[in-house]
Amino acid sequence: MSTPENISDALELLADNTIQDAETVRRNKKKSKRWRKWMAVAACIALVFGTGISAEASSGAVSNLLAPLFGGAKAELVGNIGVPVDASVSADGYTLTADAIIGDRYNAAIVYTLSSDDGEAIPDGIHFGSWKTDILFTGSAGGSLQIVRDEEHPNQIHLVESWTRSIPLIGRVATVSFSNLSLPGTAGEDDTLLAQGPWKLTYTLRYKDSTVEVPVDALSVNDEFGEQYTIKKILLSPIGLHLEMTAPAPEQMDKDNVLMQNFHVSLLLSDGTNIALEASAGGSYTKGDKTADAHYAAMFDTPISLEEIEALILCDTTFPLNLS
Amino acid sequence: MRDEQIVMLYWKRDEAAIRETEQKYGKYLSKIAYGILADLEDSKESVNDTYLRAWNSMPSHHPSVLSTYLGKLVRRSSIDIFRWRNRDKRQVSEYALSLSELEECSSHSDSTQQSVDLHLLAETIDAFLQTLSPEARNIFVGRYYFMDSIREVAAYYDMSESKTTSLLHRIRLGLKAYLEQEGFQL
């Protein structure tokens, strides 16, 4: 008989080229639509806080610069929550600068600019062979790094590094290290190294925390299979949502025995728009328990003013927010 | 540094091999370890164990693609740590979630009673994967070998998570039928 563990163990013995093909796809994975929007935000913020825009930036008119991208209300929102960190390092002919942070208690997006010191254009498709970020923290985590080109300045690219954590981020010290700036090779072939680096920055995660705790009194909701979740805490900000709850332990579920897989959340906006969230979720439980301590964390596609969010739709339950 | 140069450092017993490996593949290995263990300290232990295994195995091994070789080492190390430390308490990690999903195409017996030729099973699974489109094959390997989350796997081809979940479900059912056809008892 073959068990799930057998199948998982057998995958180690797959042909190397099967694994390498998947590895190539992983490395070159397409940017999701959601990140295309965030990268546009990043490019604007980097532009605002970079040199050469001193007049508008120093006057505090960040909102005006971002308005063409988001429309007046949202631009004002982004202007409130982005804070420059002003950390910079040069190595091997390139300069990396941390421009700004957008964040709430559990989510943060950091915008960097990498520029070639000699003004030469940076090739398409480049990536860092090694990227490591250490933040003093514990708990489950998710993070990503996306690169977006600066169409107006070919010698620059912007990087958006995002983290979602299950513990608060504000005030923690982050050390980020990028190295081996490279052009990717195909499966079995090495990358072409452009510059080794490393570019190492250490900075404190200081930004305006726009998190709001929404009062909730042990709200119970049910998924499509009738399984019950009890929401204990709702933390909402213009960029994300964090929920703490108890969820049915996978062993207790009749269908799809994966923790939190059937728990879905949407935002209902005041104009009637329904936005389904894509989230990361996790938790822990002891074998034999009926419930698990779980959390749900989502970053929004674009910042949303809290006044625009009329309700959360948690599985089959609409939970009005009354934040305006 | 190219893979060939790093492997030569191992063969020369030059400790710079570990530094170069960490610099080039540290993040890659940590990601695989964390997908299995969902714990930073355990992941660090697994990655450090992987460096030791690499040091002890070269020579005599001479991998041509170091990422694949190291990836297998860290995957094995992480799964061993996971099984040892989660005998009673279930830490929810992508590995644990993937095992739950793979129950759909396997038996539910206690793994301690299993008796199966892993090489034969691997050959059969590989043969099945070759019947799939490259997209489906890479998504399966990404989910169940690399332990990428549904969200990350969906990003391979810019698919929605629900579409990715459905595709994986169909692949698991197909694998189940293929294994039964090839004589594996499920």
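Remember, it's a predicted structure, so these values are computed and weren't measured experimentally.

Conventions adopted
- Residues numbered from 1 in each chain as written.
- Chains lettered and ligands numbered in written order.
- Predicted model: local features only at pLDDT ≥ 70, side-chain atom pairs only at ≥ 80, totals over all residues.
- Heavy atoms only, no water.
- Helix = DSSP H or I, 4+ residues; strand = E, 2+ residues; numbered from the N terminus.
- Buried < 20%, exposed > 50% of the residue type's maximum accessible area, 1.4 Å probe, protein only.
- Contact = heavy atoms within 4.5 Å.
- Areas by Shrake-Rupley, 256 points an atom, 1.4 Å probe, with all protein chains shown as cover.
- Pairing = 2+ DSSP bridges.
- Axes fitted to C-alpha atoms, helices over the stretch in contact; angles between N-to-C directions.
- Expected span 1.5 Å × (residues − 1).
- Polar contact = N/O pair within 3.5 Å; in protein donor to acceptor, adjacent residues only side chain to side chain.
- Parallel < 35°, antiparallel > 145°, perpendicular 65-115°, else oblique.
- Core = buried A, V, L, I, M, F, W, Y, C linked by side-chain atoms within 4.5 Å.
- Phe/Tyr/Trp six-rings, centres within 6.5 Å; stacked < 30°, edge-to-face > 60°.
- Lys NZ or Arg CZ within 6 Å of the ring centre and 35° of its normal.
- pLDDT = per-residue confidence, 0-100.
- Salt bridge = Lys/Arg side-chain N within 4 Å of Asp/Glu carboxyl O.

## Re the overall build of chain B
Thinking step 1. Looking only at helices and strands, one finds 9 helices and 1 strand in chain B.
Thinking step 2. In chain B, the succession of α and β elements from N to C terminus is α-α-α-α-β-α-α-α-α-α.
Thinking step 3. The 186 residues of chain B split such that 54% are buried.
Thinking step 4. Residue pairs at least 24 apart in sequence account for 65% of intrachain contacts in chain B once pairs closer than 6 positions are excluded.
Thinking step 5. As displayed, chain B offers around 8500 Å² of accessible surface, 50% of which is attributable to carbon and sulfur atoms.

## As for the sheet that holds strand β19 (residues 309-314) of chain A
Residue and element names in this part refer to chain A.
Thinking step 1. On the basis of which strands lie adjacent, the open sheet formed by 4 strands has the order β16-β15-β19-β20 and antiparallel pairing. Strand pairing shows two members of the sheet lacking a second neighbour, β16 (274-276) and β20 (317-320), which therefore form its edges. Along the sheet, successive strands turn relative to each other by an average axial angle of 25 degrees, direction set aside.
Thinking step 2. Strand direction decides the pairing type here: strand β15 (residues 265-269) and β19, joined by 5 bridges, are antiparallel. Paired with L267 across the strands is L312, a residue of β19.

## Some points on helix α3 (residues 40-57) of chain B
An α-helix turns once every 3.6 residues. As a result, residues three or four positions apart point the same way.
Residue and element names in this part refer to chain B.
Thinking step 1. Compared with the 26 Å implied by 1.5 Å per residue over 18 residues, the 25 Å span of α3 between its first and last C-alpha is a close match.
Thinking step 2. Those residues of α3 lying buried are D42, S43, S46, V47, T50, Y51, A54, W55 and S57.
Thinking step 3. Tucked inside the fold, the buried residues of α3 contact α1 (3-11), α2 (16-37) and α4 (66-85).
Thinking step 4. The N-cap of α3, judged by a side-chain oxygen 3.1 Å from the amide nitrogen of E41 a few residues on, is D39.

## Notes on the packing of helix α2 (residues 16-27) of chain A against α4(B)
A pair of packed helices is captured by two measures, namely the crossing angle of their axes and the spacing between those axes.
Thinking step 1. Where α2(A) meets α4(B), the closest approach of the two axes is 10 Å, and the angle between their N-to-C directions is 100 degrees. Taken together, α2(A) and α4(B) sit at an angle that is classed as roughly perpendicular. Of the residues in α4(B), those in contact with D16(A), I19(A), Q20(A) and E23(A) of α2(A) are S67(B), T68(B) and K72(B).

## A closer look at the nonpolar core
Thinking step 1. Within the largest apolar cluster, 63 residues are counted, with the highest numbers of intra-cluster contacts made by L29(B), I36(B), L66(B), L70(B), I125(B), L129(B) and F146(B).
Thinking step 2. Ranked by residues supplied to this core, first place goes to α2(B) with 9 residues.
Thinking step 3. Ignoring sequence-local partners within four residues, the contact set of I36(B) consists of R75(B), S78(B), I79(B), F82(B), S93(B), Y95(B) and M147(B).
Thinking step 4. Core analysis: the second largest hydrophobic core is formed by 30 residues, L243(A), M245(A), A292(A) and I309(A) among them.

## Overview of the packing of aromatic side chains
Thinking step 1. As enumerated under the stated definition, the model contains 13 aromatic pairs over all chains in all.
Thinking step 2. Taking 4.9 Å as the distance between ring centres and 85 degrees as the angle between the ring planes, the aromatic pair formed by Y145(B) and F146(B) counts as edge-to-face.
Thinking step 3. On the basis of relative accessibility, which here comes to 1%, the residue Y145(B) falls in the buried class.
Thinking step 4. Put simply, the rings of Y94(A), Y112(A), F128(A), F178(A) and W199(A) touch in pairs and so form one group of aromatic residues.
Thinking step 5. Between R26(A) and the ring centre of F146(B), over which it is positioned, the NZ or CZ distance is 4.1 Å.
Thinking step 6. Directly above the ring of W55(B) sits R13(B), whose terminal nitrogen or CZ lies 4.1 Å from the centroid.

## Side note on the confidence of the model for chain A
Predicted coordinates in areas of low pLDDT are best not read in detail.
All names here are of chain A.
Thinking step 1. Taken residue by residue, chain A gives an average pLDDT of 75. The fraction at 70 or more is 70%.
Thinking step 2. For chain A, the element scoring lowest by mean pLDDT is helix α4 (residues 54-58), at 29; strand β13 (residues 228-236) scores highest, at 93.
Thinking step 3. This stretch, residues 138-142, has a pLDDT under 50; its non-local contacts, to residues over four places away or in other chains, come to 16 contacts.

## Quick look at helix α5 (residues 94-102) of chain B
Thinking step 1. Burial analysis of α5(B) places 8 of its 9 residues in the buried class, the great majority of the element.
Thinking step 2. Along α5(B), the positions that sit buried rather than exposed are Y95(B), A96(B), L97(B), S98(B), L99(B), S100(B), E101(B) and L102(B).

## Quick notes on the pairing of β13(A)
Residues and elements named next belong to chain A.
Thinking step 1. Direction of pairing for strand β11 (residues 212-214) relative to β13: antiparallel, over a ladder of 3 bridges. When the sheet's bridge partners are listed, E213 is paired in β13 with L235.
Thinking step 2. Where strand β12 (residues 219-222) meets β13, 4 bridges bridge the pair, whose relative direction is antiparallel. The residue of β13 that forms the bridge with V221 is Y229.
Thinking step 3. Linking β12 back to β13 in an antiparallel pair, the connection comprises 5 residues, with G226 at a positive phi of about 85 degrees.

## Thoughts on the pattern of salt bridges
Residue and element names in this part refer to chain B.
Thinking step 1. Using the criterion set out here, one finds 18 salt bridges over all chains in the structure.
Thinking step 2. Note that D80 and R76 form a salt bridge whose closest N and O atoms lie 3.2 Å from each other. Note that D80 and R76 are positioned in helix α4 at a spacing of 4 residues, about one turn of the helix.
Thinking step 3. Among the residues examined, D80 registers a relative accessible area of 34% and is labelled partly exposed.
Thinking step 4. E101 is the salt-bridge partner of R172, the closest N and O atoms lying 3.6 Å from each other.

## Things to note about the confidence of the model for chain B
Residues and elements named next belong to chain B.
Thinking step 1. For chain B, mean pLDDT is 85; residues scoring 70 or higher make up 92% of the total.
Thinking step 2. Taken element by element, chain B is modelled with least confidence in strand β1 (residues 89-91), mean pLDDT 57, and with most confidence in helix α7 (residues 134-144), mean pLDDT 93.
Thinking step 3. Two summary scores accompany this predicted model of the complex, namely pTM at 0.50 and ipTM at 0.83.

## Things to note about unusual backbone geometry
Thinking step 1. With an omega of 10 degrees, the peptide bond between G197(A) and P198(A) qualifies as cis.
Thinking step 2. Relative to the helices and strands, P198(A) resides in the loop between β9 (192-195) and β10 (199-204).
Thinking step 3. For the bond running from M58(B) to P59(B), omega is -10 degrees, close enough to zero to count as cis.
Thinking step 4. Checked against the element boundaries, P59(B) lands in the loop between α3 and α4.
Thinking step 5. Its identity as a non-glycine residue notwithstanding, D92(A) has a phi of 55 degrees, on the positive side.
Thinking step 6. For A218(A), which is not glycine, the phi torsion reads 50 degrees and is therefore positive.
Thinking step 7. Mapping A218(A) onto the fold places it in the loop between β11 and β12.

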